[in-house]
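Secondary and tertiary structure notes
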Amino acid sequence: MKLKLTRILCLILAVSMCAGLLCGCGGGDEPEETPVVFDPEAYVRGGLDAVYHGVFSDEYLKLLGAGSDEGCAESYERGMEVSLDVFAGYFNISTDDCSDETRQLLLALMKDMYKYAKYEVGEATENGNGYTVKVTVYPIAAVADAAREDYPAFAEGAAQRLVDDEFEKDGQNFEDWWAQSISDMVRVRLSAKEYLDPVEVSVEISKNDSGAYILSSEALAEIDRHIVSYPAD
């Protein structure tokens, strides 16, 4: 799915923007008195927390040599916007035809859903040019369960309402109704806090030419593919 690919690319960009030129030292004009010791586990955990939970710990920011969380916060917001595009595309929601209120409702759903992102960061092992960190991902089941269990009957009922001209009769905006109904559907599933079987992903951390530690884009894409389960079309 093109939108899902966009989401993955945005995730990679977000982590990269947060990381900047991470070299295990401060990023200010003056060097720190005490060099920061690079912690690969904290780096991976902090990056995932920043992207999915919108949480930027002091430990993570210190690892990045960042004076504030402004860049990470901007990346998080952009990531949630792209997540909304993926969600809307999957459920045939035309956000361009929705009201601002409905779009904000959907964006709030994305933020709430990704707050449930669940992962465990294992111990790091050194390799030739960096580290390998095992991450166990627990896929959020809400979208998958709603798509399989609730959506078919809902879509059939919506089609009948269109045939009967119900929306024209009561003046209701179909796109807003459609989007809000699906949002409610997924929220009910989300409240159950259910996850699919865990998936283990190996995350490679290596140094680039400038000496900065970077996360493998392939691993980031694999993690993101499992955070929220979208059944195949």
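Just above, that's the structure.
Residues numbered from 1 in each chain as written. Predicted model: local features only at pLDDT ≥ 70, side-chain atom pairs only at ≥ 80, totals over all residues. Heavy atoms only, no water.

Some points on the sheet that holds strand 4 (residues 213-215)
The strands making up a sheet associate through hydrogen bonds between their backbones, and the pairing can be parallel or antiparallel. Read from one edge to the other, the open sheet built from four strands follows the order 1-2-3-4, with strand pairing classed as antiparallel. The sheet terminates laterally at strand 1 (118-127) and strand 4, the two strands that pair on one side only. Taking each pair of neighbouring strands and ignoring which way they run, the sheet shows an average axis angle of 25 degrees. One ladder, built from three bridges, connects strand 3 (residues 199-207) with strand 4; its direction is antiparallel. What sits directly across from Ser206, in strand 4, is Ile214. Running over the sheet, helix 9 (residues 217-227) touches strand 1, strand 2 (130-138), strand 3 and strand 4 and is turned about 150 degrees from strand 3. (Pairing = 2+ DSSP bridges. Helix = DSSP H or I, 4+ residues; strand = E, 2+ residues; numbered from the N terminus. Axes fitted to C-alpha atoms, helices over the stretch in contact; angles between N-to-C directions. Contact = heavy atoms within 4.5 Å.)

A word on the packing of aromatic side chains
All told, the structure shown has 15 aromatic pairs when counted by the stated rule. Arranged with centres 6.3 Å apart and planes meeting at 50 degrees, the rings of Tyr52 and Tyr119 form a pair that is tilted. With Tyr52 in helix 2 (residues 40-53) and Tyr119 in strand 1, this residue pair connects regions lying 67 residues apart in the sequence. This pair shows no difference in class: Tyr52 is buried, exactly as Tyr119 is. (Phe/Tyr/Trp six-rings, centres within 6.5 Å; stacked < 30°, edge-to-face > 60°. Buried < 20%, exposed > 50% of the residue type's maximum accessible area, 1.4 Å probe, protein only.)

Considering helix 5 (residues 100-115)
Taking 1.5 Å of rise per residue, 16 residues should cover 22 Å, and helix 5 covers 23 Å from first to last C-alpha, within 8% of that figure. Listed as buried for helix 5 are Thr102, Leu106, Leu107, Leu109, Met110, Met113 and Tyr114. One face of helix 5 carries all of its buried residues, which in axial projection span an arc of 150 degrees. Seen from the buried face of helix 5, the exposed residues on the opposite side, beyond 90 degrees, are Asp100 and Glu101. (Expected span 1.5 Å × (residues − 1). Arc of directions from axis to C-beta.)

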